Structure formats: C-alpha cells, structure tokens
Amino acid sequence: MARLTINGKTQEVNASPTTPLLWAIREQLGLTGTKYGCGVAMCGACTVHLDGKAVRSCVLPVSSAEGKQITTIEGLASGGALHKVQKAWVDLEVPQCGYCQAGMIMAVAALLKEKPRPTDADIDAGITNICRCGTFQQVREAIHAAAKA
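Residues numbered from 1 in each chain as written. Predicted model: local features only at pLDDT ≥ 70, side-chain atom pairs only at ≥ 80, totals over all residues. Heavy atoms only, no water.

1. What to know about the side chain of Arg 26
- As for its position among the elements, Arg 26 is in helix α1 (residues 21-28).
- Buried within the structure, Arg 26 lacks any salt-bridge partner; Glu 27 is the closest side chain of opposite charge, at an N-O distance of 4.5 Å.
- Arg 26 has contacts with Leu 31, Thr 32, Thr 34 and Lys 35, leaving out every residue within four places of it along the chain. (Helix = DSSP H or I, 4+ residues; strand = E, 2+ residues; numbered from the N terminus. Buried < 20%, exposed > 50% of the residue type's maximum accessible area, 1.4 Å probe, protein only. Lys, Arg positive; Asp, Glu negative; His and termini not counted. Salt bridge = Lys/Arg side-chain N within 4 Å of Asp/Glu carboxyl O. Contact = heavy atoms within 4.5 Å.)

2. Focus on the side chain of Asn 129
- Here Asn 129 lies in the loop between α5 (120-126) and α6 (136-148).
- A polar atom in the side chain of Asn 129 sits 3.4 Å from the side chain of Arg 56.
- Polar side-chain contacts of Asn 129 include one of 3.2 Å to the backbone oxygen of Gly 103.
- Setting aside residues up to four positions removed in sequence, Asn 129 forms contacts with Cys 43, Gly 44, Thr 47, Arg 56, Gly 103, Met 104, Ala 107 and Phe 136. (Polar contact = N/O pair within 3.5 Å; in protein donor to acceptor, adjacent residues only side chain to side chain.)

3. With respect to the packing of helix α3 (residues 84-91) against helix α4 (residues 101-114)
- Where α3 meets α4, the closest approach of the two axes is 9 Å, and the angle between their N-to-C directions is 130°. With respect to each other, α3 and α4 are oriented oblique. Crossing angle aside, the handedness with which α3 passes α4 is right-handed. Across the interface between the two elements, Lys 84, Val 85, Gln 86 and Trp 89 from α3 touch Gln 101, Met 104, Ile 105, Val 108, Ala 109 and Leu 112 from α4.
- Residues that form the contact of α3 with α4 fall into these classes: 7 nonpolar, 2 polar and 1 charged. (Axes fitted to C-alpha atoms, helices over the stretch in contact; angles between N-to-C directions. Parallel < 35°, antiparallel > 145°, perpendicular 65-115°, else oblique. Left-handed = near helix turned anticlockwise from the far one by under 90°. Nonpolar A, V, L, I, M, F, W, Y, C, P; charged D, E, K, R; others polar.)

4. Concerning the sheet that holds strand β4 (residues 53-56)
- An order of β2-β1-β5-β3-β4 is seen for the 5 strands of this open sheet, with the pairing classed as mixed. Taken across any chain shown, the strands that pair with only one partner, and hence form the sheet edges, are β2 (9-13) and β4. Taken pair by pair, the neighbouring strands of this sheet meet at an average axis angle of 40°, ignoring direction.
- Inspection of the sheet shows strand β3 (residues 47-50) paired to strand β5 (residues 69-71) by 2 bridges, in the antiparallel sense. Each bridged residue has a counterpart across the sheet, and for Leu 50 the counterpart in β5 is Ile 70.
- Relative to strand β1 (residues 2-6), α1 is tilted by about 80°, and along the sheet it contacts β1, β2, β3 and β5.
- Contacting β3, β4 and β5, α4 crosses the sheet at an angle of about 35° to β3. (Pairing = 2+ DSSP bridges.)

5. Focus: the layout of surface pockets
- The space that makes up the largest pocket amounts to roughly 240 Å³.
- The wall of the largest pocket is formed by 16 residues, among which Ala 54, Ala 107, Ala 110, Leu 111 and Glu 114 lie closest to the centre.
- Those elements giving two or more residues to the lining of the largest pocket turn out to be β4 and α4.
- Residue composition of the lining of the largest pocket, by class: 6 nonpolar, 5 polar and 5 charged. (1 Å grid on protein atoms, 1.4 Å probe; cavity = no way out; pocket = protein on both sides within 12 Å on 5 of 7 lines; lining within 4 Å. Points joined across faces, edges and corners; volume = space filled by probe spheres on them.)

6. Side note on the nonpolar core
- Val 85, Trp 89, Met 104, Val 108, Leu 112, Ile 127 and Ile 143 are the most contacted members of the largest nonpolar core, which has 24 residues in total.
- Sorting the residues of this core by element identifies α3, α4 and α6 as the ones contributing at least two each.
- Per-element tally for this core: the top contributor is α4, with 9 residues.
- Other than its neighbours up to four places away in sequence, Val 85 contacts Ile 105, Val 108, Ala 109, Leu 112 and Ala 146.
- Ranked by size, the runner-up nonpolar core spans 16 residues in total, among them Ala 15, Val 48, Leu 50 and Val 55. (Core = buried A, V, L, I, M, F, W, Y, C linked by side-chain atoms within 4.5 Å.)

7. Thoughts on the pairing of β4
- Direction of pairing for β3 relative to β4: antiparallel, over a ladder of 4 bridges. Bridging from a neighbouring strand, Leu 50 pairs with Lys 53 of β4.
- Between β3 and β4, which follow one another and run antiparallel, lie 2 residues, and Asp 51 among them has a positive phi close to 50°.

Okay, structure coming up:
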C-alpha cells in the first residue's frame, strides 16, 4: 500500500512502488482528468503537479510521489472558482478535441507559478506538451491572458 496526498486528501492505494503514478491516479482513485498519451513522458497528457512542479505521471513511480503533494486537474480550481489558466482556456475557447488539455493546463499553471509573466521564449522552453489538434497559438494566447489576470 502506498499513501498518496492528492488534491489535499491523503489516500491509500494498492499499487506496487514501481507502478506509474498515472495508473494509481486513474485506476485506483478514479481521477480520470489526467490522461494517458504516450507512456514515455513525451506528450504531456499525463502532467500533474508534484510539490508544485509539473511532472509527467506516466513514468513517475508511485514510490517517488509518497510524502509529496500531488495536484491533478481535478484539484487545480480552488473554492469553487476556476484557476486563472482554466478560466483563460474557457474564455478563449482553446481546446478542440480536448484530450491533451488537462496536461497542458497543468504545465501552464506550473510555468506561471515559476514565471508569472512569461515571454514567448519562456513558453517555448517551458511548455513541451503536444497538442495533436495544433492549438498552440490559442494556448500561447491563453497563457498571456492568464499571466495578465
């Protein structure tokens, strides 16, 4: 059994220490907003926050997450209000299919925490998530809008 603190709540999951965190989040805890994309930490659909930093949960073993604060897309909003990145996504109608968007939003929220007013170069370096629909221009616009909020 592993003890994980996810979205402020400590829970036990029946998972091997080497099980990817993604599977504990989705299969054990039913938090399906975090998506499986590639399984090799390239696409970013599985991005969550670990102690406030964006990580790819598809390759992070459960054992590495124990004792740390994990935030998923389900825990990003606070007090019934959307996070400023979620609000920008809605206001600017960023998603097309939406599959990658939870991971993209999580990556952007972490970037803005680290760099509240990112330049385009900061965005290029910090957001390596892949959107197969090609919404990268809308993502960039939403990042700048969220930074101003």
